[in-house]
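One-letter residues, chain by chain:
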Amino acid sequence: ARPPLVHLSVLNINFNRVTSLDPLSHCVALRQLFASHNKISSLSPLSACTQLTALSLFHNQIASLDTALGVLTALPALSELDLASNPCALGPPYRHRLVRELNLHTLDGDTLTPLDAELAEDFW
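Think of each chain on its own: its residues are numbered from 1, step by step along the sequence as written. In keeping with the predicted nature of the model, local features appear solely for residues at pLDDT of at least 70, side-chain atom pairs appear and are counted solely at 80 or more, and the whole-chain, interface and lining totals rest on all residues. As a rule here, side-chain values cover all heavy atoms of the structure and leave hydrogens and water aside.

Caption draft 1: Region of interest: the pattern of salt bridges. One side-chain nitrogen of Lys or Arg within 4 Å of one carboxyl oxygen of Asp or Glu is enough to make a salt bridge. All chains considered together, the criterion is met by five salt bridges. Linking D110 and R95 is a salt bridge whose minimum nitrogen-to-oxygen distance equals 3.8 Å. Of this pair, D110 sits in strand β6 (residues 110–111) while R95 sits in helix α2 (residues 93–101), and the two are 15 residues apart along the sequence. Relative accessibility decides the category of a residue: with a 1.4 Å probe and only protein chains considered, values under 20% of the type maximum give buried, values over 50% give exposed, and everything between is partly exposed. What makes R95 partly exposed here is its relative accessible area of 25%. Linked by salt bridges that have partners in common, D66, R97 and E101 make up one network. Note on conventions: DSSP H or I runs of at least 4 residues are helices, E runs of at least 2 residues are strands, and numbering of each starts at the N terminus.

Have a look at this one:
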């Protein structure tokens, strides 16, 4: 038997008090996930979602930037990311690290430019 939701490609669960993304670990076709304003603290269930191009987790409880990057760097198609208003987004290293380590076109609603890449490199 196939895991449920294996063909799911777009999911919007904004404002639903979601605490875990575990049910999405079998959603290998997922391309867009909108899960803002929840209580999510871990991205690890998304490791298998290698087709993800857009991920919005604005205003959740993601605390560790290192742990988040461990998952995000394994998502080769990811080009749009929003992690603003999470504990991991505090401080200047946040934006620079994401720009430097991920191949994003959009971060936290802002279109990235070559200047963003330059600033990220200069920061380190």
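Caption draft 2: Region of interest: the nonpolar core. For our purposes a nonpolar core is just a set of buried Ala, Val, Leu, Ile, Met, Phe, Trp, Tyr and Cys residues, chained together by side-chain atoms within 4.5 Å. Judged by nonpolar contacts, the single largest core of 36 residues is most densely connected at L33, L46, L72, L81 and L98. Where this core is concerned, the elements lending two or more residues are α1 (65–72) and α2. Looking at this core element by element, the count peaks at five residues for α1.

Caption draft 3: Looking closely at the sheet that holds β6. Two strands are said to pair when DSSP picks up at least two bridges between them. Taken together, six strands build an open sheet; the order of strands is β1-β2-β3-β4-β5-β6 and the sheet is mixed. Strands with a single pairing partner mark the edges of an open sheet, and in this sheet they are β1 (10–12) and β6. Relative to strand β3 (residues 54–56), strand β2 (residues 32–34) runs parallel, the two being bridged by three bridges. Following the sheet pairing, L33 is matched in β3 by L55.

Caption draft 4: Region of the structure containing the packing of α1 against α2. The convention used is that axes are lines fitted to C-alpha atoms, helices contributing only their stretch in contact, and that angles between N-to-C directions extend from 0 to 180 degrees. Interhelical geometry of α1 versus α2 gives an angle of 20° and a closest axis separation of 12 Å. Judged on the interaxial angle alone, α2 and α1 are roughly parallel. Of the two possible hands of crossing, α1 and α2 adopt the one that is right-handed. Listed contacts from α2 to L65, D66, L69 and L72 of α1 are P93, Y94, R97, L98 and E101. Roughly parallel here means an angle under 35 degrees, roughly antiparallel means over 145, roughly perpendicular means 65 to 115, and every remaining angle is called oblique. Left-handed describes a crossing in which the near helix is turned anticlockwise from the far one by less than a right angle; the clockwise case is right-handed. Between two residues, a contact is recorded if the distance between any of their heavy atoms is within 4.5 Å.

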